[in-house]
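Report on the structure
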Amino acid sequence: MAILEGPVNYLASLLDVPADAVRLVTGLIFSQIFAILHRVTFSKISSRFTKRTIHLLLGLFLGFYVWDMDCLHHCASAVGFYILFFFLPWDLAVKVNFFYQLGYLLVGYYYNNMVVNYAINWTTSQAIVTLKMIGLGFDLDDLKKDGVKLPSPLTVLGLFAKEKLPSFLIALKRLAHGIFYLVLSLITTSFLKTDFMLTSEFQELSLVLRVLFVTAWGHCVLYKYLGVWCIAESTCMYVGYTFNGNDKWDGLRNVATAAFHKALKLQDVIDSWNINTNNWCAKHIYKRCKFLGNKGLSQVITMTFLAMWHGLHLGYFVCFIQEFFYMSMEKGLQRNALVQKVASFLPGSVTMVISWFYTKLFLSFALVGFELYYYERIMHVYRSIYFICPVFSVLIILSNVIFVQKLSPEKDD
């Protein structure tokens, strides 16, 4: 029987949300309590071994609370990592480790996540463990020439609070952001339901209303991620993990909330969203493809990895293919003399509103694949709004071919 199963199920029925979601969020709340306890009590312990052991035990408790015995999958990743790097030459171990960690995650997805709606289970956190173990392997291999040795499991798994700590107010402010976004997610998704886009009632709306619904839905469906990330970041703030130098505490910031909401182009969204994962992929996937001598191919490989890392559903690949396609379009759009000339006749406020709406619409269109997973469900929504974003993108790309090459030089003169 899972820990606190009765209270969790009661709260889930009260809020009309899945019990797994309640368990995940309450697990984050427990992590807040443990972080505060760690800061005011355990941080005063002088022995590093004792600190790390306490931290490891608290982490295992949280793992058992949220995932029950399935948290042992995380242990399997760590054990596999140490076996590989202890017995194999590191240049071979790093390659085997990459496929072992990613393969373990994908097998987990295959047996647990091939369902109609998103399932919260051990693969949710296993995805982070996968990046941690792969990244650690790459870093060790890169530093082996400097004589770096394999760290002990307790050093890796039993991190402890830093000596330099922020004020409670900074962490509480980020916690408040997280709670705000989770509440906002509950409110907005109660009337901007994903499944509504699959109904006949949605089809009966005018095209304008369908487009506006998809745009609003795509923006609001991301609030759940904002909430979880902000709460997790605040936990790390309590114990100093987020220190970034010069009294800044955004070292583990995964979303720049203000920049995300004000984004006027898709590149702004990418720069402000899922920051840690994007930085990880840039360092460990994209830059390691440099030997290919082709940035476009490196980007495709990186997008493919990101899609697989999220899951095996077709919708993830649909989403990231569109990201690559739209970003290529947007880069040309910014140098398109015709677009610039038209924009010069419009008031700045109008241009800003158009840019903001364009960003939200294209982001939401791609998120249809991310949230609906399956081909028929995705195509049902795309057909209902006449593939507006891909059609517009093709027109812009054709315009870029003509006007970026022919009119931009004239403007420079």
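Up top you'll find the structure we're talking about.
The following refers to the structure shown.

Calculation criteria
Residues numbered from 1 in each chain as written. Predicted model: local features only at pLDDT ≥ 70, side-chain atom pairs only at ≥ 80, totals over all residues. Heavy atoms only, no water. Disulfide = S-S within 2.5 Å. Helix = DSSP H or I, 4+ residues; strand = E, 2+ residues; numbered from the N terminus. Expected span 1.5 Å × (residues − 1). Contact = heavy atoms within 4.5 Å. Salt bridge = Lys/Arg side-chain N within 4 Å of Asp/Glu carboxyl O. Buried < 20%, exposed > 50% of the residue type's maximum accessible area, 1.4 Å probe, protein only. Core = buried A, V, L, I, M, F, W, Y, C linked by side-chain atoms within 4.5 Å. Polar contact = N/O pair within 3.5 Å; in protein donor to acceptor, adjacent residues only side chain to side chain.

1. A closer look at the state of the cysteines
In this structure the tally under the stated criterion is zero disulfides. For Cys-71, which is in no disulfide, the shortest distance to another cysteine sulfur is to Cys-75 and amounts to 5.6 Å.

2. Examining helix H11 (residues 223-238)
Under the 1.5 Å per step criterion, the end-to-end length of H11 is 23 Å for 16 residues, consistent within 8% with the ideal 22 Å. Residues of H11 that are buried in the fold lie against helix H2 (19-40), helix H8 (168-188), helix H10 (207-220) and helix H12 (257-261). Among the residues trailing H11, Gly-240 stands out with phi positive, at a value near 85°.

3. Notes on the pattern of salt bridges
Enumeration over the complete set of coordinates arrives at eight salt bridges. Notably, a salt bridge pairs Arg-174 with Glu-233, separated by 2.8 Å at the nearest N-O pair. Pair noted here: Arg-174 is in helix H8 and Glu-233 is in helix H11, with a separation of 59 residues, a long-range link. Measuring nitrogen to oxygen at the nearest pair gives 3.5 Å for the salt bridge that ties Glu-371 to Lys-224. Placement of Glu-371 in helix H18 (residues 348-372) and of Lys-224 in helix H11 is noted, with a sequence separation of 147 residues between them. Classification of Glu-371 as buried rests on a relative accessible area of 11%. In the salt-bridge network here, residues are joined through shared partners; they are Arg-174, Glu-233 and Arg-253.

4. Points about the nonpolar core
Counting residues in each nonpolar core, the largest one holds 75 residues, and the members touching the most others are Phe-85, Phe-260, Phe-305, Phe-362 and Val-368. Broken down by element, this core gets its largest block of residues, 10 residues, from H18. Not counting the four nearest positions on each side in its chain, Phe-362 is found in contact with Leu-266, Tyr-326, Met-329, Cys-389, Phe-392 and Ser-393. Counting residues in hydrophobic clusters, the runner-up holds 10 residues, among them Ala-12, Tyr-65, Val-66 and Trp-122.

5. A word on the side chain of Thr-188
Looking at the element boundaries, Thr-188 is found in helix H8. A distance of 3.4 Å separates the side chain of Thr-188 from the backbone oxygen of Ser-185, its partner in a polar contact. Non-local contacts of Thr-188, meaning those with residues more than four positions away in its chain, are made with Cys-220 and Tyr-223.

6. Describing the environment of Tyr-100
In this structure, Tyr-100 sits in helix H5 (residues 90-112). Looking at Tyr-100, the relative accessible area reads 28%, which means it is partly exposed. Sequence spacing of Tyr-100 and Ala-78 is 22 residues, and the spatial spacing of their C-alpha atoms is 11 Å. Once residues within four sequence positions are removed from consideration, Tyr-100 is found in contact with Ala-76, Ser-77, Gly-80, Phe-81 and Leu-84. Within the structure, Tyr-100 has its side chain in polar contact with the backbone oxygen of Ala-76 (distance 2.9 Å).

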